[in-house]
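These are the residues of each chain, in order.
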Amino acid sequence: MKPHAGKRICLFAQYDPVPRLAPHTRHYLREIITCGYEVHVCISGHPNLGDQGLRNFHEGLEGLPIHFYPRENGGLDFAAWQFLIEKGCVQNAIEILFTNDSLFGPITPLKPIMQSMRAEGYDAWGMVRSQETMPHLQSWFLVMTGDAFTHPAIQRIFSMPFMEMSKGEIILHGEFGTSVALDSAGLKTAACWTARKALGGLLTANPMHTDWLTVLQSGRVPFIKTELLRDNPFLAPGVKDWRNAIPDKGFFRPVWIVEYLKENPPRSPGPIIGWQQRLTSALAAQDPRNFIRYLLQFLSRRRLR
């Protein structure tokens, strides 16, 4: 389905081994729509989803400007967005939001943030600018004007063979590459939250892990990463008290997170992350209180051994 000219379009990458749409994701989709977007959801991993399956995805979202597109899995978010682009979903769009289902939130209304950032006249902006590896806008929430998207530098990014790439290659050419392309094109970019480099630029980390509570309580980034609450790979302090970080439990219901964590146990760990690496992440945290929390947690665990 091709949108009419002049619309704001959201390209939403969704994946679940079971063909379903989690309650917290439905909440997110509704919030996106309140910001004036027509939403196009790529359902990865279920290319043969039938009519009944699609009706299940639409349940509770009837009458809203949202469309679902099943496809095979592969290539992560960038291949999913590429799939939707090839379907003609962004043709003549004046604004495009790239996002995915790796989030809990927004825990507060999204519309005021969107209105504030739009008023600044940026060509592209994201929720978070990270310094990890290199300065870049994290791709889980990235907004571009239609003109920025059609710039040749951005078009080159979305012509890459993401379905053939490894995860590391997708991060390099997709997430990092997009920020490099935006900068090389001279486009005006910004972020709701920009991480600083610690210790003179020697240390960097993902602020959505190391500074998750500080970022959340800033009022500028109303999201928590699902990976943080599910896996907490760097043993970030305070994660078990996530309920206290939700200010309006009627707007965003804690039971949505409880249900997700019950149905999605911690994933098999990758390479073992030692305490030296965890403390390095703590030192890289933007809020110095987080280092103290890490240190107290470390000393407590050492005493228990």
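These remarks concern the structure in this document. (Residues numbered from 1 in each chain as written. Predicted model: local features only at pLDDT ≥ 70, side-chain atom pairs only at ≥ 80, totals over all residues. Heavy atoms only, no water.)

Turning our attention to unusual backbone geometry. Between G105 and the following residue, P106, the backbone shows a cis peptide bond with an omega angle of 0°. Among the structural elements, P106 can be located in the loop between β5 (103–104) and α4 (111–119). Despite not being glycine, N232 has its phi angle at roughly 40°, a positive value. On the secondary structure map, N232 appears in the loop between α10 (226–230) and α11 (254–263). (Helix = DSSP H or I, 4+ residues; strand = E, 2+ residues; numbered from the N terminus.)

Next up on the list: the pattern of salt bridges. This structure, assessed with the given rule, holds 6 salt bridges. The salt bridge partner of K7 is E38, with a shortest N-O separation of 2.6 Å. In this pair, K7 is assigned in the segment before β1 (8–15) and E38 in strand β2 (residues 37–44), connecting sequence segments 31 residues apart. (Salt bridge = Lys/Arg side-chain N within 4 Å of Asp/Glu carboxyl O.)

A separate point is the packing of helix α1 (residues 23–34) against α11. Packing of α1 against α11 leaves a shortest axis separation of 8 Å and a crossing angle of 135°. Between α1 and α11, the angle is such that the two are oblique. Contacts between α1 and α11 involve P23, H24 and H27 on the former and, on the latter, W256, E259 and Y260. Residues of the contact of α1 with α11, tallied by class, amount to 3 nonpolar, 2 polar and 1 charged. (Axes fitted to C-alpha atoms, helices over the stretch in contact; angles between N-to-C directions. Parallel < 35°, antiparallel > 145°, perpendicular 65-115°, else oblique. Contact = heavy atoms within 4.5 Å. Nonpolar A, V, L, I, M, F, W, Y, C, P; charged D, E, K, R; others polar.)

Attention now goes to the pairing of strand β4 (residues 95–100). Burial runs high along β4: 6 of the 6 residues are buried. Residues E95, L97 and T99 line one face of β4 and the alternating positions I96, F98 and N100 line the opposite face, and both faces are buried. Pairing of β1 with β4, which is carried by 6 bridges, proceeds in the parallel orientation. Bridge pairing in β4 places I9 opposite I96. Here β4 pairs with strand β8 (residues 141–145) via 5 bridges, running antiparallel. Residue pairing in the sheet places F98 in a bridge with L142 of β8. (Buried < 20%, exposed > 50% of the residue type's maximum accessible area, 1.4 Å probe, protein only. Pairing = 2+ DSSP bridges.)

Another aspect to go through is the nonpolar core. Looking at soluble globular proteins, one finds that nonpolar side chains tend to be buried together. Counting 37 residues, the largest nonpolar core has V39, M127, F141, V221 and F223 as the members making the most contacts within it. Elements with a contribution of two residues or more to this core: β1, α1, β2, β3 (66–71), α4, β6 (124–130), β8 and β9 (189–194). Residues contacting V39, with those up to four places away along its chain left out, are C10, F12, L29, I32, I33, P65, I66 and H67. The next biggest cluster of nonpolar side chains, apart from the first, holds 33 residues, and it includes A13, Y69, A80 and L182. (Core = buried A, V, L, I, M, F, W, Y, C linked by side-chain atoms within 4.5 Å.)

Okay, the packing of aromatic side chains next. Tallied over the entire structure, the rule returns 16 aromatic pairs. With centroids separated by 5.2 Å and ring planes inclined at 35°, the aromatic side chains of F78 and F162 adopt a geometry described as tilted. Of the two residues, F78 is situated in helix α3 (residues 76–86) and F162 in the loop between α6 (152–157) and α7 (167–184); the sequence distance between them amounts to 84 residues. By relative accessible area, which is 4% here, F78 ends up buried. Between W125 and F141, the aromatic rings sit 5.7 Å apart at their centres with planes inclined by 45°, giving tilted as the arrangement. Of this pair, W125 sits in strand β6 while F141 sits in strand β8, and the two are 16 residues apart along the sequence. Just as W125 is buried, F141 falls in that class too. (Phe/Tyr/Trp six-rings, centres within 6.5 Å; stacked < 30°, edge-to-face > 60°.)

Distances and angles like these do not, on their own, reveal function.
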